[in-house]
Amino acid sequence: MDGFSGICLARNLRVAVLASKMAEATGHTNNHLGRRENRGDPKRPWKGRGGTTASPIARERPTHFISIPLDHVVSFTTQVSQFTDTLLAASPPITGLDRSIIISPNRLHLTLGVMNLTTEEHESRGPLADSSQGGTDSKSSRKTVAEALALLHSLKPYVESTLQGQPLQLCLDEFAVMKRSPSGEADVMYVGPTPGRPKAEEHTRSVDVITNINKTFIENGFITDTRPLKLHCTVINTSHRKTAQGGRTRRTPFSMSQIEEFLTQNPHTAGTLLSPEGLLSIRELNICRMGSRDKFGRYVKAGGIAW
């Protein structure tokens, strides 16, 4: 990769700005970064992606998510690690960047949607009247992990037939951030498909399958976020920031503008990671528990399908 390609790489780090509800109401974009809404109090409404205050289920924090695991794609995880290690070694250091906010290779994945599930079968039955409050018991309508797994398993024949026995084949050819301040700071950096750029037929077919799975879970009441699915694999997230002693600390953003400047000066940093010809092959879909870790540091699977 020559210097010109490095400049193009830096310039192509697109920014997906997510407007807050207040911004939508006033017609202005909220560029505030480092905000940690509703953390530390599990009884307060979860206002993450797709969260609303209208649905009793949406007020609960998500417990599980549908995952396309990438931790076993060694070529991908190795290159991501090399990329982030190089950023961490930058001199002068990139403001706000430290190892605690780098996502472990064992936890790299694409999310098809988050869900609030219970392991108690009786809680999945219809809403029960609460005579003391004159309302309904919201927890009684929660879907179960078993029901989510049953729906996922029912989609396996569709996946196999549509992909004609082939794996999901996805092209992740762009680094971007979820929200960016006017000064170039951000909280989340990810790698995903470049919007609008032509892709291989295998990628397009795989995205169609993924999108239909997401829609099916929405239609069946498991996923409450009805916005179009945005495929992204998070590689940096300041919500994980820790002190030198390992304790939690404030969510402080990192400088995306400094990362772009570094990439311009060091055009070989990303290697072939963002090559549009590179397709990641995955043959499984899992339902995992949010925030969980197995002995290898991976998310704990409740179950899934493979083909």
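Residues numbered from 1 in each chain as written. Predicted model: local features only at pLDDT ≥ 70, side-chain atom pairs only at ≥ 80, totals over all residues. Heavy atoms only, no water.

The next point concerns the side chain of Q169. Within the element layout of this structure, Q169 appears in strand β7 (residues 168–170). Setting aside its immediate chain neighbours within four residues, Q169 contacts E202, H203, S206, L279, L280 and S281. (Helix = DSSP H or I, 4+ residues; strand = E, 2+ residues; numbered from the N terminus. Contact = heavy atoms within 4.5 Å.)

The omega angle of the peptide bond from S91 to P92 is 0°, so this bond is cis rather than trans. Along the polypeptide, P92 turns up in the loop between α3 (74–88) and β2 (109–115). For Q164, which is not glycine, the phi dihedral falls at a positive 55°.

Residues F76, M189 and F217 are the most contacted members of the largest nonpolar core, which totals 59 residues. For this core, the element with the highest residue contribution is helix α4 (residues 145–154), accounting for five residues. With residues up to four places along the chain from it excluded, the contact list for F76 reads L70, L108, L172, V191, C233, L273 and L280. (Core = buried A, V, L, I, M, F, W, Y, C linked by side-chain atoms within 4.5 Å. Buried < 20%, exposed > 50% of the residue type's maximum accessible area, 1.4 Å probe, protein only.)

Another aspect to go through is the sheet that holds strand β10 (residues 188–192). One open sheet accounts for three strands, arranged β8-β10-β11; its pairing is antiparallel. Of all the strands in the sheet, the pair left with one neighbour each is β8 (174–177) and β11 (233–237). Direction aside, neighbouring strands of the sheet carry axes that sit 25° apart on average. As paired elements, β8 and β10 share four bridges and run antiparallel to each other. (Pairing = 2+ DSSP bridges. Axes fitted to C-alpha atoms, helices over the stretch in contact; angles between N-to-C directions.)

Turning our eyes to something else, we now look at the environment of P167. Checked against the element boundaries, P167 lands in the loop between α5 (156–162) and β7. Along the sequence, P167 and W307 sit 140 residues apart, while their C-alpha atoms lie 7.6 Å from each other. Beyond its immediate chain neighbours, meaning those up to four positions away, P167 contacts S206, S281, I282, R283 and W307.

Time to look at α4. Turning to α4, its buried residues are V145, A148, L149, L151 and L152. Down the axis of α4, the sector holding all buried residues measures 160°, keeping them to one side. (Arc of directions from axis to C-beta.)

Turning our eyes to something else, we now look at the sheet that holds β2. One open sheet accounts for four strands, arranged β2-β1-β14-β15; its pairing is antiparallel. Strands at the two margins of the open sheet, each flanked by one partner only, are β2 and β15 (301–306). Strand-to-strand twist in this sheet, taken as the mean axis angle between neighbours without regard to direction, amounts to 20°. Where strand β14 (residues 284–289) meets β15, five bridges bridge the pair, whose relative direction is antiparallel. Its bridge partner being in β15, L285 is matched across the sheet by I305. Packed onto the sheet, helix α6 (residues 201–219) meets β1 (64–69), β2 and β14 and runs at close to 15° relative to β2.

In this section: the confidence of the model for the protein chain. Detailed reading of the predicted model is not advised wherever pLDDT is low. Per-chain confidence: the protein chain averages 81 in pLDDT, with 74% of residues scoring 70 or above. Low pLDDT, under 50, characterises residues 3–58; the stretch is placed with 100 contacts to residues that sit more than four places away or in other chains. (pLDDT = per-residue confidence, 0-100.)

A few words now on the pairing of β2. With five of its seven residues buried, β2 lies for the most part within the structure. Bridging between β1 and β2 involves six bridges; their strand directions are antiparallel. Among the inter-strand pairings, I66 is bridged to a residue of β2, identified as G113.

Overall, the coordinates contain three aromatic pairs when judged by the stated rule. Between F65 and Y299 the ring centres are 5.0 Å apart and the planes differ by 85°, which places this aromatic pair in the edge-to-face class. Residue F65 is found in strand β1, and its partner Y299 is found in the loop between β14 and β15; the two are separated by 234 residues along the sequence. Their ring planes at 15° and their centres at 4.3 Å tell us that F83 and F175 sit as a pair that is stacked. Within this pair, whereas F83 is found in helix α3, its partner F175 is found in strand β8, the two being separated by 92 residues in sequence. The same class applies to F83 and to F175, which are both buried. We note K143 situated over the ring of F222; from NZ or CZ to the ring centre the distance is 5.1 Å. (Phe/Tyr/Trp six-rings, centres within 6.5 Å; stacked < 30°, edge-to-face > 60°. Lys NZ or Arg CZ within 6 Å of the ring centre and 35° of its normal.)

Attention now moves to the pattern of salt bridges. As enumerated under the stated definition, the model contains ten salt bridges in all. We note a salt bridge from R197 to D173, for which the minimum N-O separation is 3.3 Å. Here R197, found in the loop between β10 and α6, pairs with D173, found in the loop between β7 and β8; they are 24 residues apart in sequence, far enough to count as distant. R197 gets classed as partly exposed once you look at its relative accessible area, which sits at 31%. D187 is paired through a salt bridge with R251; the nearest N and O atoms lie 3.9 Å apart. One end of the pair, D187, is in the loop between β9 (185–186) and β10; the other, R251, is in the loop between β11 and β12 (254–255), with 64 residues separating them in the sequence. Given the relative accessible area of 9%, D187 is considered buried. Counted as one network, the salt bridges with shared partners bring together D173, R197 and K199. (Salt bridge = Lys/Arg side-chain N within 4 Å of Asp/Glu carboxyl O.)

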